[in-house]
Amino acid sequence: MIETLANKKILLIISGGISAYKTLDLIRNLRKRGAEIKTVLTKGGKKFVTSLSIASLTNNTIYENIFDSKNESEMDHISLSRWSDLILVAPATANIIAKLAQGRSDDLASTIILASNKQIILVPAMNVRMWIHPATKKNINILHNYGYLTIGPDTGEMACGEFGEGKMTSPEEIYKYLKEYLDKKNILKGKKLNALVTAGPTRDYLDPIRYLTNGSSGKQGYEIARSLSNYGIKTTLISGPSDLIPPKSVKLVKIKTAEEMLNATKKALPVDIAICAAAVSDFS
């Protein structure tokens, strides 16, 4: 056995897209590398792959129904998330992406994700027109701001006969992505590091209403904070006014003025890593 993912626990959620058949090869690939797989099969997913085929490949129970009294007595929507090292949604259809962006939890898969404390990685797969639709793009941006990661999609010929972006990433490429992500978590294993990131603009008030500022969105600092957190580093993000949603694993400190930024930064020290990405307005 090639044990590059030995002892890693992956919760795989299979939603209802024609690319679901590729998850069978994905399961083989991940198990060959030593990973343990548990699977949640949605109602739509069952239209494309069978519980029996998945169970035989994972050698594990298949979870399907949130209203299964036998399973929910153990609160599967909580326990499955806590069991896993990460949650992989493949394929991630336009429908489940929209559902997650809205925070809905009307089945076992969406309830697990909403209640999760683990990294969620989506593998989008859909028709090119669905992928480039403004609604899908908006939903993906919302999920990225929530801290979700995405693999793909790729460009190529689709099952519907059309060509374009929306094709599900191959099982081998998904494996490479997961390995790189999990390797990041292992780089600093056993080391306790603290990081400080500043982001966004500050405001210098001329009076109670008017102020001087700049057009910084804060995106650079937010993404740096997210990346540090993905490495397992305890991260504090000090942010000026921004519409961005911070990564859930990061401690957020909100400020407005340059003086508040200074004081919050001093209060957060000492740290092992400090990255000052804020666009501080220094008129004062």
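Overview of the structure.

Scoring rules and cut-offs
Residues numbered from 1 in each chain as written. Predicted model: local features only at pLDDT ≥ 70, side-chain atom pairs only at ≥ 80, totals over all residues. Heavy atoms only, no water. Helix = DSSP H or I, 4+ residues; strand = E, 2+ residues; numbered from the N terminus. Buried < 20%, exposed > 50% of the residue type's maximum accessible area, 1.4 Å probe, protein only. Contact = heavy atoms within 4.5 Å. Axes fitted to C-alpha atoms, helices over the stretch in contact; angles between N-to-C directions. Parallel < 35°, antiparallel > 145°, perpendicular 65-115°, else oblique. Pairing = 2+ DSSP bridges. Phe/Tyr/Trp six-rings, centres within 6.5 Å; stacked < 30°, edge-to-face > 60°. Lys NZ or Arg CZ within 6 Å of the ring centre and 35° of its normal. Core = buried A, V, L, I, M, F, W, Y, C linked by side-chain atoms within 4.5 Å. Salt bridge = Lys/Arg side-chain N within 4 Å of Asp/Glu carboxyl O.

### Some words on the environment of threonine 257
- Along the chain, the position of threonine 257 falls in the loop between strand 13 (251–254) and helix 11 (258–268).
- Since its relative accessible area comes to 19%, threonine 257 is described here as buried.
- For threonine 257 and aspartate 282, which are 25 residues apart along the polypeptide, the C-alpha to C-alpha distance reads 9.4 Å.
- Each residue touching threonine 257, except ones within four places of it in the same chain, is listed here: Thr202, Arg203 and Tyr205.

### Some remarks on the packing of helix 1 (residues 22–32) against helix 2 (residues 51–58)
- Closest axis-to-axis distance for the helix 1/helix 2 pair is 9 Å, and the angle between their directions is 10°. Classified by the angle between their axes, helix 1 and helix 2 sit roughly parallel to one another. Two secondary-structure elements touch here, helix 1 through Leu24, Ile27, Arg28 and Arg31 and helix 2 through Ser53, Ile54, Leu57 and Thr58.

### With respect to the sheet that holds strand 2 (residues 36–41)
- Reading across the sheet, the 6 strands line up as 3-2-1-4-5-6 and stay open at both edges, with parallel pairing between neighbours. On the outer flanks of this sheet lie strand 3 (62–63) and strand 6 (149–150), each paired with one strand and no other.
- Sheet analysis places strand 1 (residues 9–14) next to strand 4 (residues 86–92), joined by 4 bridges and oriented parallel. Bridge pairing in strand 4 places isoleucine 13 opposite valine 89.

### Description of the sheet that holds strand 9 (residues 194–199)
- Taken together, the 4 strands give an open sheet; going across it, the order is 13-12-9-14, and neighbouring strands pair in parallel fashion. The sheet is open, and its two borders are formed by strand 13 and strand 14 (273–276), each paired with just one other strand. Strand-to-strand twist in this sheet, taken as the mean axis angle between neighbours without regard to direction, amounts to 15°.
- As defined by bridge partners, strand 12 (residues 234–239) adjoins strand 13 across 4 bridges and the pair is classed as parallel. By the bridge assignment, leucine 237 is partnered in strand 13 with leucine 252.
- Contacts from helix 10 (residues 219–230) reach strand 9, strand 12, strand 13 and strand 14 within the one sheet, and its direction differs from that of strand 9 by about 165°.
- Packed on one face of the sheet, helix 11 meets strand 9, strand 12 and strand 13 and runs near 175° to strand 9.

### Examining the packing of aromatic side chains
- Considering all chains together, one arrives at 1 aromatic pair under this definition.
- Note that lysine 38 overlies the ring of tryptophan 83, its terminal NZ or CZ placed 4.7 Å from the centroid.

### Comments concerning the nonpolar core
- Counting residues in hydrophobic clusters, the biggest one holds 30 residues, and the most contacted among them are Leu30, Leu88 and Leu178.
- Elements with a minimum of two residues in this core: strand 1, helix 1, strand 2, helix 2, strand 4, strand 5 (119–124) and helix 9 (171–187).
- No other element matches the 5 residues that helix 9 contributes to this core.
- If near-sequence neighbours (up to four positions away) are discounted, leucine 88 is found in contact with Ile10, Leu11, Leu12, Ile13, Leu26, Ile121, Val123, Ile151, Ile174 and Leu178.

### Things to note about the pattern of salt bridges
- Considering all chains together, one arrives at 10 salt bridges under this definition.
- The salt bridge involving aspartate 183 is made with lysine 179; its shortest N-O contact spans 2.9 Å. With aspartate 183 and lysine 179 both in helix 9 and 4 residues apart, the pair spans about one turn of that helix.
- In this structure aspartate 183 comes out as partly exposed when scored by relative accessible area, which is 31%.
- Looking at lysine 179, the relative accessible area reads 25%, which means it is partly exposed.
- What you see here is one network of salt bridges that share partners, running through Lys99, Arg104, Asp106 and Asp107.

That's the geometry; what it means functionally is another story.
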